[in-house]
Amino acid sequence: QVQLVESGGGLVQAGGSLRLSCAASGRTLSSFAMGWFRQAPGKEREFVATISWNGGNTDYADSVKGRFTISRDNAKKMVYLQMNSLKPEDTAVYYCAKSKYSSRQYSSGEYDYWGQGTQVTVSS
């Protein structure tokens, strides 16, 4: 079993920054890719960022590329999402997820454990 707990969300003005953290407990995550997804009100959950098992490869949704950075610390069982130059359209609940595989994954169906989410609200 794996438990994922996100933190770091909050209210920020447009142009500001937030750093989300995802703490994992239970089974080791060091062999698996991790990802961040988000869901805005009335919209489907969407892919934000993914990182391979060792952190060597990352990828991002076009909407956040150049502004967001995903990273991980396997020794601490932590995954992070640094979000800069935030926009009102980034407002959503952000979820951390563990992939079933070691390589980067882009579909929510390729993830088997999810956190409860953390709210990010960007005001204009």
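Every value quoted in this text rests on a predicted model; they were computed, and no experiment measured them.

Cut-offs applied
- Residues numbered from 1 in each chain as written.
- Predicted model: local features only at pLDDT ≥ 70, side-chain atom pairs only at ≥ 80, totals over all residues.
- Heavy atoms only, no water.
- Core = buried A, V, L, I, M, F, W, Y, C linked by side-chain atoms within 4.5 Å.
- Buried < 20%, exposed > 50% of the residue type's maximum accessible area, 1.4 Å probe, protein only.
- Contact = heavy atoms within 4.5 Å.
- Helix = DSSP H or I, 4+ residues; strand = E, 2+ residues; numbered from the N terminus.
- Polar contact = N/O pair within 3.5 Å; in protein donor to acceptor, adjacent residues only side chain to side chain.
- Pairing = 2+ DSSP bridges.
- Phe/Tyr/Trp six-rings, centres within 6.5 Å; stacked < 30°, edge-to-face > 60°.
- Lys NZ or Arg CZ within 6 Å of the ring centre and 35° of its normal.

Trainee: Explanation requested: the nonpolar core in the structure shown.
Mentor: If you look at soluble globular proteins, the nonpolar side chains tend to sit buried side by side. Core analysis: the largest hydrophobic core is formed by 32 residues, its most contacted members being Trp36, Phe68, Leu81, Met83 and Tyr94. Not counting residues within four places of it along the chain, the set of residues in contact with Leu81 comprises Leu18, Arg19, Leu20, Trp36, Val48, Ala49, Phe68, Thr69, Ile70 and Tyr94.

Trainee: Explain the environment of Gln105 here, please?
Mentor: For Gln105, the position within the fold is in the loop between β9 (92–99) and β10 (111–114). Spatially, the C-alpha atoms of Gln105 and Ile51 are 8.1 Å apart, while their sequence positions differ by 54 residues. Within the local environment of Gln105, its side chain forms a polar contact with the side chain of Ser103, the two groups lying 3.2 Å apart.

Trainee: Is there a simple way to explain the pairing of β9 in this structure?
Mentor: Looking along a regular strand, one sees side chains alternate from face to face of the sheet. Across the 8 residues of β9, 7 count as buried, placing the element largely inside the fold. Pairing of strand β4 (residues 34–39) with β9, which is carried by 6 bridges, proceeds in the antiparallel orientation. In the sheet register, Gly35 faces β9, and the bridge partner there is Ala97. Two strands pair when backbone bridges link them, and β9 and strand β11 (residues 118–123) are joined in this way by 3 bridges, in the antiparallel orientation. Along β11, the bridge assignment pairs Tyr94 with Thr118. The pairing of β9 with β10 spans 3 bridges and is classified as antiparallel.

Trainee: Explanation requested: the packing of aromatic side chains in the structure shown.
Mentor: Inspection of every chain in the model, using the stated rule, returns 5 aromatic pairs. Members of the aromatic cluster, joined through ring pairs, are Phe37, Phe47, Tyr106, Tyr111 and Trp114. The lysine or arginine in question, Arg45, covers the ring of Trp114, its NZ or CZ lying 4.7 Å from the ring centre. In this structure, Lys98 packs its charged tip against the face of Phe32, placed 3.9 Å from the ring centre.

Interpretation note: all reported values are geometric properties and have no functional meaning in isolation.
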